[in-house]
Every structure is written in C-alpha cells, then in structure tokens.
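Architecture at a glance
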Amino acid sequence: MELIGNVKCYEWGKRGHRSFVAQLARANDEQLAVQDDQPYAELWMGDHVNGPARVKRNGLPLDEAVRANPVGMIGNGGTDDANRLPFLLKVLSIAKALSVQVHPDKAEAERLHRMFPDVYKDPNHKPELAIALTDFQALCGFRPYGEIAELLQRWPALRTLLGETVLGLFEAQDASAVRVAYERVMHSTPEDIQRCVEGVADALRTESTPDDPLSELFLRLHGEFGCDVGVLSIFFLNYVRLRPGEAIYLAASVPHAYLEGDCIECMACSDNVVRAGLTPKFKDVDTLLRLVAYDCRPAGSVLFQAQVLHPDTEPHTRTFIPPVPDFAVAEIRLPGEVRKYSVRNSATGSILLVVRGKGTLHLPDGVAQLGFGTILFLPSSTERLIELTVEPTDEPFLAFQAMRNDFVQ
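Predicted model, so just to flag it, every value in this text is computed and none were measured.

1. Examining the side chain of S188
Among the structural elements, S188 can be located in the loop between helix 7 (177–186) and helix 8 (190–207). In terms of polar contacts, S188 uses its side chain to reach the backbone carbonyl oxygen of R184, at 2.6 Å. Setting aside chain neighbours within four positions, we find S188 in contact with L161 and I193.

2. Digging into the domain arrangement of the chain
Partitioning the chain into structural domains gives domain 1 (2–141 + 240–279), domain 2 (144–235) and domain 3 (306–403). When each unit is reduced to the centre of its C-alpha atoms, the spacing between domain 1 and domain 2 is 31 Å. Each partner contributes residues to the interface: domain 1 has 13 residues there, and domain 2 has 14 residues. Buried surface at the junction of domain 1 and domain 2, both sides included, amounts to about 990 Å², of which 65% is carbon and sulfur. Three residues stand out in domain 1 for area buried against domain 2, namely K96, L139 and L278, and they jointly supply 44% of the buried area on that side. On inspection of domain 1 and its partner domain 2, the count reaches one salt bridge. Of the charged contacts in the structure, one is a salt bridge between E260 and R220, with a shortest N-O distance of 3.8 Å.

3. A word on the sheet that holds strand 23 (residues 397–403)
If you trace the five strands from one edge of the open sheet to the other, you get 15-16-23-18-21, paired in antiparallel fashion. Edge positions in the sheet fall to strand 15 (317–320) and strand 21 (375–378), since each has one partner strand and no second. Averaged over all neighbouring strand pairs, the angle between strand axes comes to 20°, with direction disregarded. In the sheet, strand 18 (residues 350–356) pairs with strand 21 via four bridges, with the strands oriented antiparallel. In the strand pairing of strand 21, L353 is matched with I375.

4. As for the UniProt feature "active site" (unreviewed entry) in the chain
Within this structure's numbering, the places UniProt gives as "active site" (unreviewed entry) are R275. By secondary structure assignment, the location of R275 is in strand 14 (residues 274–277). Contacts of R275, omitting those with residues within four sequence positions, involve S99, V100, Q101, K281, F282, K283, D284, V285 and L288.

5. Remarks on helix 7
Buried within helix 7 are the following residues: A177, V178, A181, Y182, V185 and M186. Along the axis of helix 7, the buried residues cluster in a sector spanning 155°; they form a single face.

6. Here's the deal with the UniProt feature "binding site: Zn(2+)" (unreviewed entry) in the chain
Mapped onto the present numbering, the UniProt feature "binding site: Zn(2+)" (unreviewed entry) falls on Q101, H103, E128 and H256. These residues run over 156 residues, yet every pair of their C-alpha atoms falls within 12.5 Å of each other. Note that Q101 resides in strand 8 (residues 100–102). Apart from residues no more than four positions distant in its own chain, Q101 is found in contact with V254, P255, H256, V273, V274, R275 and L288. A polar side-chain atom of Q101 sits 2.9 Å from a polar atom in the side chain of S99. Positionally, E128 belongs in strand 9 (residues 128–132). Judged by relative accessible area, which is 1%, E128 ranks as buried. Non-local contacts of E128, meaning those with residues more than four positions away in its chain, are made with H103, I248, Y249, L250, H256, Y258, E265, C266, M267 and F327. Polar side-chain contacts of E128 include one of 2.8 Å to the side chain of K126.

What counts and what doesn't
- Residues numbered from 1 in each chain as written.
- Predicted model: local features only at pLDDT ≥ 70, side-chain atom pairs only at ≥ 80, totals over all residues.
- Heavy atoms only, no water.
- Helix = DSSP H or I, 4+ residues; strand = E, 2+ residues; numbered from the N terminus.
- Polar contact = N/O pair within 3.5 Å; in protein donor to acceptor, adjacent residues only side chain to side chain.
- Contact = heavy atoms within 4.5 Å.
- Domains from an automatic or database assignment.
- Buried area = accessible area lost by both parts, 1.4 Å probe.
- Salt bridge = Lys/Arg side-chain N within 4 Å of Asp/Glu carboxyl O.
- Pairing = 2+ DSSP bridges.
- Axes fitted to C-alpha atoms, helices over the stretch in contact; angles between N-to-C directions.
- UniProt positions renumbered as here; feature names shortened; annotations may be inferred.
- Buried < 20%, exposed > 50% of the residue type's maximum accessible area, 1.4 Å probe, protein only.
- Arc of directions from axis to C-beta.

Below, the structure written as structure tokens:
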C-alpha cells in the first residue's frame, strides 16, 4: 500500500529544494509544487490525527484505512484506546533550532490533556528516536555537574544572573546545584535574561574564540532568537553532534532541542511537547521544570546503539530498539554489491521509507517498485520475509522501516 506523506511547513525548516523533506515529498507526490521561499520542515508517515498520510491509490487518510480493517492492517496491534498505529515516522530538515522541550510520560500526558486540551491535544506520551541522515546537532540531557560548574566560572554575566547563593551550592558540591541554577535561569525576568545574554555575547565578540563550538552555537542562537532564555540552556545541556547513522533516544522528561541537520525521527503516536525556550510558541516553563529529569551525563553517553538481530540472514539491517513498546526502527543499508536481500515485516505491520537507491519488493499479490521517496505501508497480513531485488545505481540502497516494538515486553 503506497502512501503519500503529510508535509509540515514549520518556520524552522529548510527552504525550498534545499530541504531534504521537500526533495523526498516531491519524489513521493508528483502533485506537490515546491516553493523556494517556503520552509519544508517535516514529513509525517503515520495515522496521527494532526497529519495522517494518505493511501496513494485512492487518497484515503491512513487512519481511516486502518480503522476499516484493523486486523488485516495492524493485527490488533494498535494503541490501547483506538485501532491506530502506535508509532509515527517522520523526516526532519532543520535550518533553525527547535524549542527547548521535554515530553511527558503517559500518566502526565493524560493529565495535561485532561486539564489543558487546547495546548496538549492528545493523551499519549512521546518518547522519540532521532537517526542522523546528515551531520546533525542537538542539545540533549544535562551536562555532567563538573562541566556546568566550569562554564559558570567562565562567564561572569551568567554568575551575576545566578547570584552568590546558587554559586555557593556549586562550590559546596551540593547535589541540588544544577536544579536550583536551571530553575533560577528559567524563572529570571526578561530584563535580567537580556542583560545576561548580551553580557555573554559582548564578551564573546571581544574575546573572539572562533575555535570554540559552544561559543559559535551561542552566537548563532543569539542571532536567531535574540535574548530568549533558551539561549542560556546551552551552558546546562549537552551539545551533541551526530554523524550520519548515529542516533539519540529521548525518553520522557529528557530536556532537548534539535539545532540543525536532517534526520529520521520515530516516536509514539503523539504530538505532546512541553516548551520553555527558543520558540515563539506557548512556553510552559513551570510544567517543564516540574517534569524535567536532572540526570547529568556525558555527551557521549546519550548516543543510542542499534542491533543486528539476524546477522546470518539480514546482516545489513540494524534495528534501533528503545525501551518502550510503541516503536522500533530498522535501518536497511545495502552495499553496492548486494542485489538480493530479505526485508522482515512486523506481525503488526510496518512503514518503509526509501531514501536512497532503487529496487523491487516482491509481495504476495505483486511487486512494488522502490525509489527515492517511496513510502510503503506493509500490513500485518503481508508475509514476514519479503524478497527485495536491488537495482545497480551510483549510490547504495538505504531505507528505514518503522514498526511496533515487539522486541521488548
């Protein structure tokens, strides 16, 4: 079942044909006219109510197609409260930083949706996985305690904002220091934040440290967002730079912000975000501070590793298996000499996206031609192992397959 993805034109997306999302979407939907002055931020491939994909042959939204035949489509493998896919697959093309944010867990998502349905529009949690397609930058989780203390020593304007009481907690190596300092920053007045941000920016321009990635990031975010409080989060959160194929997993309550690059993203079927900076959207600072996890870890520890589950029969398939039942993602990356390969479908159905190369998928009722931008829904009734024939091209075949996570209990 070939799908047409749902395109989101959020302001932070890359513009026109420079956007990988636009390139994929144009290949996926010949009716799409890409505008060079328009941002193309996300391509959604799922049945979420805020942007369901459509079945290519008849235009039917995927959520309606699933509800019409839930057993044949997802094998009763939908979410607890509806016959829906439990996951949402996306591609992101980021030119400008997304908001500093956390996602609520399931119980908190239900509570927020019940109390503030206009802001938190569904009751599901939103753990998510990001797999870099290009060099990719993000903020993710709190830095180690010692790193934050060193950064505070470097910037007088930040020490002035925090005050002697908070600085004293770091000097005493008090376990609460990071939490108290971050809360102080996030609750500071706009005037105090402006003085702090401008003080750091003035010091950077005077000192001129072009070889310092964090200083470059500060000046970039300051240029994009001015004196937004979120700019100061870079001194507290890990600055992570991923190479293509590397991934991060964002559990509930982990603070993060995507900064730049293209990625595959998969998550529980939800659109719940608690924002507190680097955004013109509604900021719910108190909720973020109540939910956020102050788990201070080195940047390298946030990388999420994939597994080769079937090394004998599918050696070129790596599967990212997060600790939640909602989703897993397989990366199928075939070297140029491979011409025949097996693709393993889930017992609850899956969505396959081709981002490089060409091939033919041999299905029980015929064949599906695969190329750049092809999106296929493979129903649960499809055979478990499907033969893929790859055409010789100038670039190796690369596809990503999202499915319910039946690898964890």
